[in-house]
Amino acid sequence: MAVLGVTGRNFAAGMSGGIAYVLDLDGEFVKRCNTAMVDLEPVLSESEQQGKLAAELWHRGQADEVILRDMIERHAELTNSRRAREILEKWAAYRPRFVKIFPREYRRALGELAAAQRKAAA
């Protein structure tokens, strides 16, 4: 899920699976997010993500930047959204303003799945 507008308070309450990407234009998203079950992370490029996160923990096996950009491109195509088009045109300026919401339970599940796959391959 990608959110290109302001969120309400208590965002991510009860979130245990999937990933969300939120555009934090006002820098105040952390105050509106319930971080009891999630971690807030930057949206990294593929090269940055390779250096910081084991590939088995990548959502859908892709870099966050690729997933997010694909979602916004599809949104722009389907809705003709001016905001989506502006974000894509000024991607280098907008990408750092996105926050990745990564549920801890989902991270744990991805790690367990990767461990099981390694064990099965051995």
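Remember, predicted model here, so these are calculated numbers, not experimental data.

Criteria and thresholds
- Residues numbered from 1 in each chain as written.
- Predicted model: local features only at pLDDT ≥ 70, side-chain atom pairs only at ≥ 80, totals over all residues.
- Heavy atoms only, no water.
- Axes fitted to C-alpha atoms, helices over the stretch in contact; angles between N-to-C directions.
- Helix = DSSP H or I, 4+ residues; strand = E, 2+ residues; numbered from the N terminus.
- Parallel < 35°, antiparallel > 145°, perpendicular 65-115°, else oblique.
- Left-handed = near helix turned anticlockwise from the far one by under 90°.
- Contact = heavy atoms within 4.5 Å.
- Nonpolar A, V, L, I, M, F, W, Y, C, P; charged D, E, K, R; others polar.
- Core = buried A, V, L, I, M, F, W, Y, C linked by side-chain atoms within 4.5 Å.
- Buried < 20%, exposed > 50% of the residue type's maximum accessible area, 1.4 Å probe, protein only.
- Salt bridge = Lys/Arg side-chain N within 4 Å of Asp/Glu carboxyl O.
- pLDDT = per-residue confidence, 0-100.

So what exactly am I meant to see when it comes to the packing of helix α3 (residues 64-79) against helix α4 (residues 82-89) here?
At a minimum axis distance of 8 Å, the contact between α3 and α4 shows a crossing angle of 140°. The angle between α3 and α4 places the two elements in the oblique class. Here the hand of the crossing between α3 and α4 comes out left-handed. On α4, the residues touching Arg69, Ile72, Glu73, His75 and Ala76 of α3 are Ala84, Arg85, Ile87 and Leu88. By residue class, the composition of the contact of α3 with α4 is five nonpolar, one polar and three charged.

How do you make sense of the nonpolar core when you look at a structure like this?
For soluble globular proteins, the rule of thumb is that nonpolar side chains tend to be buried together. Ranked by internal contacts, the top residues of the largest apolar core, which has 22 residues, are Leu4, Tyr21, Leu68, Ile72, Ile87, Trp91 and Phe98. Of all the elements in the fold, those that place two or more residues in this core are β2 (20-23), α3, α4, α5 (91-94), β4 (98-103) and α6 (104-121). The dominant element in this core, judged by the number of residues it contributes, is α3, at four residues. Once residues within four sequence positions are removed from consideration, Ile87 is found in contact with Leu4, Leu23, Ile72, Tyr94 and Phe98. Val3, Met15, Cys33 and Val99 belong to the second largest nonpolar core, which has 11 residues in total.

Which parts of the structure should I look at to understand the pattern of salt bridges?
It is possible for side chains bearing opposite charge to pair when their charged atoms get close. Under the defined criterion, the tally for this structure stands at 13 salt bridges. Of the charged contacts in the structure, one is a salt bridge between Lys31 and Glu28, with a shortest N-O distance of 2.7 Å. On the basis of relative accessible area, Glu28 is assigned to the partly exposed category, the value being 30%. Here Lys90 ties to Glu86 by a salt bridge, and the two come within 3.8 Å at their closest N and O atoms. According to the relative accessible area criterion, Lys90 is partly exposed, its value standing at 45%. You can call Glu86 partly exposed: its relative accessible area is 33%. Taken together, the salt bridges that share partners define one network made up of Asp39, Glu41, Asp64, Lys100, Arg104 and Arg107.

Quick question: what am I supposed to make of the confidence of the model for the protein here?
Atom-level detail of predicted coordinates should not be read off regions where pLDDT is low. Looking at the protein as a whole, its pLDDT mean stands at 91, while 100% of the residues score no less than 70. Mean pLDDT across the elements of the protein ranges from a minimum in α6, with 84, to a maximum in α4, with 98.

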